Structures are given as structure tokens and as C-alpha cells.
Amino acid sequence: MAFEGLGERLQVTMDRIKSKGKVTESDVKVMMREVRLALLEADVNFKVVKQFVNQVKERALGSDVMQSLTPGQQVIKIVREELTDLMGGENQRINLGTKPPTVIMMVGLQGAGKTTTAGKLALHLRKNFNKKPMLVAGDIYRPAAIDQLETVGRQIDVPVFSLGDQVKPQQIVTEALAHAKAEHLDTVIIDTAGRLHIDENLMNELKDIKEIANPHEIMLVVDAMTGQDAVNVAESFNDLLDITGVTLTKLDGDTRGGAALSIRTVTEKPIKFVGMSEKMDGLEAFHPDRMAQRILG
Ligand code: GDP
């Protein structure tokens with residue numbers, strides 16, 4: 001289960017301070033040292049850890065907290081609030097625009113979960129927003145990528161637009177948009193190619209597609225299991241494409257949680273969804289407060 005180690009360690013630390021009638025400055029410092037280590041061990045970006053620890057310390061050492069009747073509980077409340085803030089505060093909804101069709105561009109490295117998440121999003125938007133989505137097979141390089149998207153489309157009964165693997169993605173996207181308009185499909189979700197590593201060709205192609213499709217949402221899909229790498233990937237994609245949101249996949253696995261806790265601060269872009277299973281209904285809106293609650297128990 002995600003965050004298991006981090007959650008356990010933080011809970012032990014929190015319990016220790018909670019039971020104290022009086023909390024001294026040195027108690028808070030000891031606690032924050034433990035919190036710092038727990039976060040670093042959970043693969044949270046060191047800059048993010050530093051910022052978090054300083055923020056909590058500054059608030060917790062204020063006289064109103066130290067002299068309150070329940071200082072331990074106040075300190076815990078501050079940790080919870082700062083953890084929520086770190087992950088973005090409020091849930092950020094997907095941008096759907098006002099004039100159809102809504103265009104969503106899925107980007108990310110190969111294996112991150114783009115194709116799966118494209119299908120999950122289509123289902124989510126149909127179920128919750130009454131949208132009529134269409135999936136676009138824009139990954140012409142990975143063998144079987146088109147087949148995989150078509151399988152996903154059949155599973156959720158959503159049309160898939162494909163021109164095979166001999167037509168350039170730029171042209172596929174142009175034709176897909178025209179097709180969606182003609183068919184009155186109000187949401188176009190473009191699956192794009194991923195690579196094992198970020199390279200210039202991939203990025204240029206994605207920039208072209210962005211230019212052509214003018215997407216309302218550029219959704220970066222990252223694999224939570226890859227920890228610090230996920231954060232580096234997010235930073236690179238954001239620098240080049242100015243992404244609008246992140247979906248963190250495989251949070252059902254035993255990720256230490258570093259990516260979930262770092263991405264928002266490093267990229268300043270919100271995590272909008274999390275993938276909680278391989279199944280098509282395994283997509284959840286990301287709520288930082290609930291996640292903080294889950295981590296801290
Ligand atoms: P793509 O190369 O980015 O299009 O990645 P895929 O959509 O093909 O996903 C790669 C693998 O990750 C597949 O086996 C998916 O079933 C799996 N996957 C995607 N999202 C999740 C998730 O949230 N949880 C789990 N457990 N597996 C996932």
C-alpha cells in the first residue's frame with residue numbers, strides 16, 4: 001500500500017508529541033528532525049522537505065501554539081495543514097473549457113499509464129460530466145499502442161479515431177478534431193507517444209500537437225512508483241509544454257510517496273487525478289486533504 005512506511009513513521013512521531021502536556025521548543029525540533037528523515041526516506045525531494053520543515057517549525061514555535069492548552073494537538077494540526085498545502089491544498093478540477101470540443105492531450109513516458117488513463121478519463125467524463133468523448137490514437141511508434149487503445153475504447157464503449165501507423169501524429173490530430181466536430185463528439189482525448197527517456201524528437205512532436213490542438217488540458221501522466229524520477233520527468237515536461245495537470249498512476253502499489261508529495265511544489269502544477277488500479281474505473285480525483293489524512297492516520 002502506498003505511503004505505508006511514511007505513514008507509520010509519522011504516526012509514531014505524532015503520537016509521541018500528542019501525549020505531552022507541555023511541549024517545549026526542543027520537543028518540536030526533535031519531532032521535526034524525525035519528520036525530515038521520514039520524508040527523505042519516502043523519497044520526497046530534499047528542497048521540498050526543507051521548505052516543509054521550515055514552514056511547520058515557524059508556525060509550531062509561535063507562542064500561541066506553545067502556550068495553548070493542547071500544544072501537541074496544535075502541532076499535529078499544523079503538520080496536517082502543511083502537508084495538505086504541500087500537495088496543492090484544494091482539489092483542482094480538470095479544465096473542460098466552455099466551447100466544445102474539449103481537447104485533452106495525454107503526455108508522459110512510455111509505461112507511465114497514458115493509454116490506460118486516457119480510457120479512465122473518457123469514462124470519468126462521460127459518467128460525471130455527461131460528455132461524449134472520443135479517443136485519438138496518436139502513438140504510432142510503439143507496436144500495439146493503437147490496438148491497446150482500441151481495446152480500451154471497446155471496454156468502455158468509446159469511439160477511437162485512428163489512421164494507422166503510417167500517418168504523422170500531427171495529421172492524425174488535425175483530422176481527429178474535424179471528425180469530432182462532424183460527429184458531435186464534445187471531448188477529444190489524444191493519446192500521444194511516450195519514450196523510455198525524454199528526447200528532442202518526442203518533445204518537438206508534442207509541441208506540434210499542442211500547437212495544432214490547442215488543448216484545454218495537457219495532462220502529464222507519471223508513475224508514482226518511480227519516485228524522484230517522476231518528479232524530474234514532471235519538471236522536464238512542464239518546462240517544455242507548460243502542462244496543466246498531473247495524473248499520478250499506480251498509487252495502489254507500494255510507492256513510498258515521494259512523487260505525490262513533491263510534484264506540486266517542484267512544478268507548481270496540480271495533481272488532478274490518481275490511478276488506483278489497472279481497471280477503467282480506477283481513477284480518482286486527487287484531494288490533498290484526504291491524502292494527508294490517509295498518511296497521518
Ligand atoms: P503508456 O505506455 O503510458 O500508455 O502506459 P499504459 O497505459 O500501457 O500502462 C502501462 C501499465 O501500467 C499497464 O500494464 C497498465 O495496466 C498499468 N497501469 C496504468 N495505470 C495504473 C494504475 O493506476 N494502477 C496500476 N496498478 N496499474 C496501472
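Being a predicted model, the structure only gives us computed values, none of them experimental. (Residues numbered from 1 in each chain as written. Predicted model: local features only at pLDDT ≥ 70, side-chain atom pairs only at ≥ 80, totals over all residues. Heavy atoms only, no water.)

Attention shifts here to the overall build of the protein chain. If you tally the helices and strands in the protein chain, you get twelve helices and eight strands. Relative to the globule expectation of 19 Å for 297 residues, the C-alpha radius of gyration of the protein chain, 21 Å, shows essentially globular dimensions. Its C-alpha atoms give the protein chain principal-axis dimensions of about 70 × 35 × 30 Å. Residue burial in the protein chain is summarised as follows: out of 297 residues, 53% are buried. Residue pairs in contact within the protein chain that sit at least 24 positions apart in sequence constitute 77% of those at least 6 positions apart. Carbon and sulfur atoms make up 46% of the accessible area of the protein chain, which totals about 14,100 Å². A gap of 5 Å separates the mean positions of the 37 positive and 41 negative side-chain charges of the protein chain. (Helix = DSSP H or I, 4+ residues; strand = E, 2+ residues; numbered from the N terminus. Rg over C-alpha atoms; globule rule 2.2 N^0.38 Å. Buried < 20%, exposed > 50% of the residue type's maximum accessible area, 1.4 Å probe, protein only. Contact = heavy atoms within 4.5 Å. Areas by Shrake-Rupley, 256 points an atom, 1.4 Å probe, with all protein chains shown as cover. Lys, Arg positive; Asp, Glu negative; His and termini not counted. Charge placed at Lys NZ, Arg CZ, Asp CG, Glu CD.)

Right, let's get into the sheet that holds strand 5 (residues 217–223). Judged by pairing direction, the sheet is mixed, and its eight strands sit side by side in the order 3-2-4-1-5-6-7-8 without closing on themselves. Two strands in the sheet have a free side with no partner beyond their single neighbour: strand 3 (160–161) and strand 8 (283–285). Judged from the five bridges that link them, strand 1 (residues 102–107) and strand 4 (residues 187–192) form a sheet pairing that is parallel. Bridge pairing in strand 4 places Met 106 opposite Asp 191. Here helix 9 (residues 200–213) sits on the sheet in contact with strand 1, strand 2 (133–138), strand 4 and strand 5, set at roughly 175° to strand 1. (Pairing = 2+ DSSP bridges. Axes fitted to C-alpha atoms, helices over the stretch in contact; angles between N-to-C directions.)

This next bit is on the pattern of salt bridges. For the coordinates displayed, the defined rule picks out 14 salt bridges. Between Asp 139 and Arg 142 there is a salt bridge, with its nearest N and O atoms 3.8 Å apart. The exposure class of Asp 139 is buried, given its relative accessible area of 5%. Note on Arg 142: relative accessible area 27%, which makes it partly exposed. With a closest N to O distance of 2.6 Å, Asp 242 and Lys 269 form a salt bridge. Highlighted residues: Asp 242 in the loop between helix 10 (228–241) and strand 6 (245–249) and Lys 269 in the loop between helix 11 (258–267) and strand 7 (271–275), separated in sequence by 27 residues. What emerges from the salt-bridge pattern is a single network uniting Arg 59, Lys 77, Glu 81 and Glu 82. (Salt bridge = Lys/Arg side-chain N within 4 Å of Asp/Glu carboxyl O.)

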